[in-house]
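Reading the structure
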Amino acid sequence: MKNNLYQEFNNIFNKEAEYAYFSPGRVNLIGEHIDYNGGLVMPCAITFGTYLLISPNEDGVFRFRSLNFGEQQDIAVQASYEKVGENWFNFPIGVIDSFVKEGHELKGLDFLFYGDIPIGSGLSSSASIEVVTSFALNDIFNSGYSKLDLVKLSKYVENQFIGVNCGIMDQFAVAFGEKNKALMLNCDTLDYEAVDSNLGKYVLAIINTNKPRKLAESKYNERVEECQTALAELKQELDINYLCDIDTDTFKKHQHLITSPVVLKRAKHVIEENDRVKLAAKALAGNNLDEFGQLMYASHDSLRDLYEVSGVELDAVAEYSKTNPDVAGARMTGAGFGGCAIALVKGDAFEAFSKGVTEYYTNKIGYAPSVYSSLIGNGVGLLAEVVI
Ligand code: GLA
């Protein structure tokens, strides 16, 4: 792919690319919808990602091209930028806007993007494109940001420019990911540890439901608001900043403060999920993949029943997985409302799993999922150093 990309750049811009970068996508092993509640999450970077080739130009223009999308955009270097419809190039434009607003002087660039993350599948193609763009600008213009600054800037773009009130997990994972490691990230303090994701005889399967994710953004923002309501009500008796500042026992003592039954369910998921991540970390450290798998199933059930972000498609993957003795556990990953599920599958049974889940899913849903066996890869960097 790498070589073809350079050729494509040449064909499009009639010159050589001077810079090349890569940023991965991510899956989250456990700890869902709790990053914006100050919780613990366990994502890892995957080997699918966004490639970005760049060459400076003397025309005072940013040119955006993609091998995935027909839409392209040329935009003059200016003092501030606006979102243009729902186009893919809003992500890099949002990053440029943030750099400029923070006082960095940028010059014209020709950009070529290519992504092999299935788009809109919940594997963080948007965080990947934000982080690769901010990493590239920081590198080319010596803007002096740390990697954590770039993560925060990219999250800001998603929140303010794109309009999704996401937490920090995705941008953090695609920036700090490490080969064969999962990140245990505390989303309150941003302390993290890269832990060996020693899956033993298991491999990580990614099952893309191929369901178009309509309404995902508005439903996502609705969940964020419901959590804010729960927090405000609990604060009448508790001195806390986030829902994840309390454990399940403390929650039980104060849950009467929450007036809406729906909001109560949301808060229960958040607080129990945070406790589950702590148990999952212990299980992983002790190589107890069976226990880890059970926690994955419990997480899925809670996302389906309490948080209500699953759907028949994601549920079908979890249902099938439970019937297959070679699967330790499975769950939806990411925001939900379609997108991807993950499963821990015995390595020598992967092909049979792939066939089995495809059959079950297709019979139930009416079209096929895509099933991948995923490797855990590195975070953002120079293409030559990250993709080997
Ligand atoms: C999306 C968001 C993340 C996180 C997950 C759910 O991927 O971008 O910040 O909230 O959903 O865990």
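Now for a description of the structure that goes with this document. (Residues numbered from 1 in each chain as written. Predicted model: local features only at pLDDT ≥ 70, side-chain atom pairs only at ≥ 80, totals over all residues. Heavy atoms only, no water.)

1. Some remarks on the overall build of the protein chain
Stated formally: Secondary structure elements are defined from DSSP: runs of H or I of at least 4 residues count as helices, runs of E of at least 2 residues count as strands, and each element is numbered from the N terminus. The buried label applies to any residue whose accessible area, calculated with a 1.4 Å probe on protein chains only, is under 20% of its type's maximum; exposed applies above 50%, and partly exposed to all values in between. Two residues qualify as a contact provided that any one of their heavy atoms is within 4.5 Å of a heavy atom in the partner residue. To measure how exposed things are, a 1.4 Å probe is used in the Shrake-Rupley method; for residues, cover is taken only from the protein chains shown. Asp and Glu count as negative and Lys and Arg as positive, but His and the ends of the chain are not part of the count. In this description, the location of a charge corresponds to atom NZ of lysine, CZ of arginine, CG of aspartate or CD of glutamate.
Within the protein chain, the regular secondary structure consists of 12 helices and 13 strands. Principal-axis analysis of the C-alpha atoms places the extent of the protein chain at approximately 65 × 50 × 40 Å. A buried classification covers 59% of the 388 residues belonging to the protein chain. Counting contacts in the protein chain only where the partners sit at least 6 residues apart, residues at least 24 apart contribute 71% of the total. Counting every atom, the protein chain has about 16,000 Å² of accessible surface; 47% of that belongs to carbon and sulfur. The centroid of the 34 positive side-chain charges in the protein chain is displaced by 4 Å from the centroid of its 52 negative side-chain charges.

2. Concerning the environment of Leu264
Relative to the elements of secondary structure, Leu264 occurs in helix H8 (residues 261–285). Each C-alpha atom, one on Leu264 and one on Leu306, is 8.7 Å from the other, the two residues being 42 residues apart in sequence. For Leu264, the contacting residues outside a window of four places in its chain are Phe251, Gln255 and Ile258.

3. Quick look at the sheet that holds strand E8 (residues 192–196)
Inclusion rule: One requirement defines pairing of two strands: DSSP has to find at least two bridges between them.
An order of E2-E7-E8 is seen for the three strands of this open sheet, with the pairing classed as antiparallel. The outermost strands of the open sheet, each flanked by one partner alone, are strand E2 (40–41) and E8. Of the pairings in the sheet, the one linking E2 to strand E7 (residues 181–186) comprises two bridges and is antiparallel in character. Residue pairing across strands places Val41 opposite Leu185, the latter belonging to E7.

4. Quick word on unusual backbone geometry
Trans is the prevailing form of peptide bonds, just as negative phi is the prevailing case for residues other than glycine. Even without being glycine, His33 reaches a positive phi, approximately 60 degrees. The topology assignment puts His33 in the loop between strand E1 (19–28) and E2.

5. Quick notes on the site of the ligand
For clarity, the threshold we go by: Throughout, the term near means that a residue has one or more heavy atoms lying within 4 Å of the molecule or strand in question. Definition of a polar contact: a pair of N or O atoms within 3.5 Å, with one able to donate and the other able to accept a hydrogen when the atoms are protein atoms, and with sequence-neighbouring residues admitted only if both atoms are side-chain atoms. The classification used treats Ala, Val, Leu, Ile, Met, Phe, Trp, Tyr, Cys and Pro as nonpolar, Asp, Glu, Lys and Arg as charged, and all other residues, Gly among them, as polar. Domain limits in this description derive from either an automatic procedure or a database domain assignment.
Around the ligand, the structure places Arg26, Glu32, His33, Asp35, Tyr36, Cys166, Gly167, Met169, Asp170, Tyr220, Gly334 and Ala335. Between an oxygen atom of the ligand and a side-chain N or O atom of Arg26, the distance comes to 2.9 Å. In this structure, an oxygen atom belonging to the ligand sits 2.7 Å away from a main-chain N or O atom of His33. Contact with the protein chains covers 92% of the free accessible surface of the ligand, which is 310 Å². Looking at side-chain class alone, the shell around the ligand contains five nonpolar, three polar and four charged residues. Taken together, domain 1 (2–198 + 378–386) and domain 2 (202–374) each give at least three residues to the shell around the ligand, which thus spans both.

6. Re helix H4 (residues 147–162)
What counts here: Under the convention used throughout, the expected extent of a helix is 1.5 Å for every residue step, that is, one less than its residue count.
End to end, H4 covers 21 Å across 16 residues, agreeing with the expected 22 Å (1.5 Å per residue, within 8%). For H4, the elements touching its buried residues are helix H2 (90–101), helix H3 (125–140) and helix H5 (169–176). Gly163 sits one or two residues past H4 and shows a positive phi near 100 degrees.

7. Some thoughts on the pairing of strand E3 (residues 43–56)
E3 sits mainly inside the fold: 12 of its 14 residues count as buried. One ladder, built from nine bridges, connects E1 with E3; its direction is antiparallel. Bridged to Tyr21 within E3 is Leu52. As paired elements, E3 and strand E6 (residues 109–115) share seven bridges and run antiparallel to each other. When the sheet's bridge partners are listed, Pro56 is paired in E6 with Leu109.

8. Some points on the nonpolar core
The following threshold applies: In these notes, a set of buried Ala, Val, Leu, Ile, Met, Phe, Trp, Tyr and Cys residues joined through side-chain atoms within 4.5 Å is what counts as a nonpolar core.
Membership of the largest hydrophobic core comes to 121 residues, with the highest contact counts inside it found for Met42, Phe64, Phe111, Phe292 and Phe353. Counting residues domain by domain, this core receives three or more from each of domain 1 (2–198 + 378–386) and domain 2 (202–374). When neighbours within four sequence positions are excluded, Phe292 is seen to be in contact with Leu29, Ile30, Met42, Ala280, Ala283, Leu284 and Leu344. Phe9, Phe13, Phe22 and Tyr114 belong to the second-largest nonpolar core, a separate cluster that totals 13 residues.

9. Observations regarding helix H11 (residues 350–365)
Under the 1.5 Å per step criterion, the end-to-end length of H11 is 22 Å for 16 residues, consistent within 8% with the ideal 22 Å. One or two positions beyond H11, positive phi appears at Gly366, with a value near 100 degrees.

10. Quick word on the pattern of salt bridges
Note the following rule: Salt bridges, as used here, are contacts in which a Lys or Arg side-chain nitrogen is within 4 Å of a carboxyl oxygen on Asp or Glu.
The full count for this structure, using the stated rule, is 24 salt bridges. For Asp110, the salt bridge identified is with Arg63, shortest N-O distance 2.9 Å. Note that Asp110 is positioned in strand E6 and Arg63 in strand E4 (residues 61–66), a separation of 47 residues in sequence.

11. Here we look at the packing of aromatic side chains
Operational definition: Side-chain rings of Phe, Tyr and Trp (the six-membered ring for Trp) are treated as a pair once their centres are within 6.5 Å; stacked means planes under 30 degrees apart, edge-to-face means over 60, and tilted covers the remaining angles. In this analysis the charged atom, NZ for Lys or CZ for Arg, is taken to sit over a ring once it is within 6 Å of the ring centre and within 35 degrees of the ring normal.
Applying the stated rule across the entire model yields 22 aromatic pairs. Note on Tyr21 and Phe135: the rings are 5.9 Å apart at their centroids and 70 degrees apart in plane angle, and the pair reads as edge-to-face. With Tyr21 in strand E1 and Phe135 in helix H3, this residue pair connects regions lying 114 residues apart in the sequence. Through a chain of ring-to-ring contacts, three or more aromatic side chains come together here, namely Phe62, Phe64, Phe69, Tyr81, Trp88, Phe89, Phe111 and Phe113. Taking the ring centre of Phe176 as reference, the NZ or CZ of Lys147 above it sits at 5.2 Å.

12. Topic: the pairing of E8
The side chains of a regular strand alternate, first on one face of the sheet and then on the other. Pairing of E7 with E8, which is carried by five bridges, proceeds in the antiparallel orientation. Within E8, the position partnered with Leu183 by the bridge is Ala194. In sequence, E7 turns back onto E8 through a hairpin of five residues, with Leu190 there showing a positive phi of about 65 degrees.

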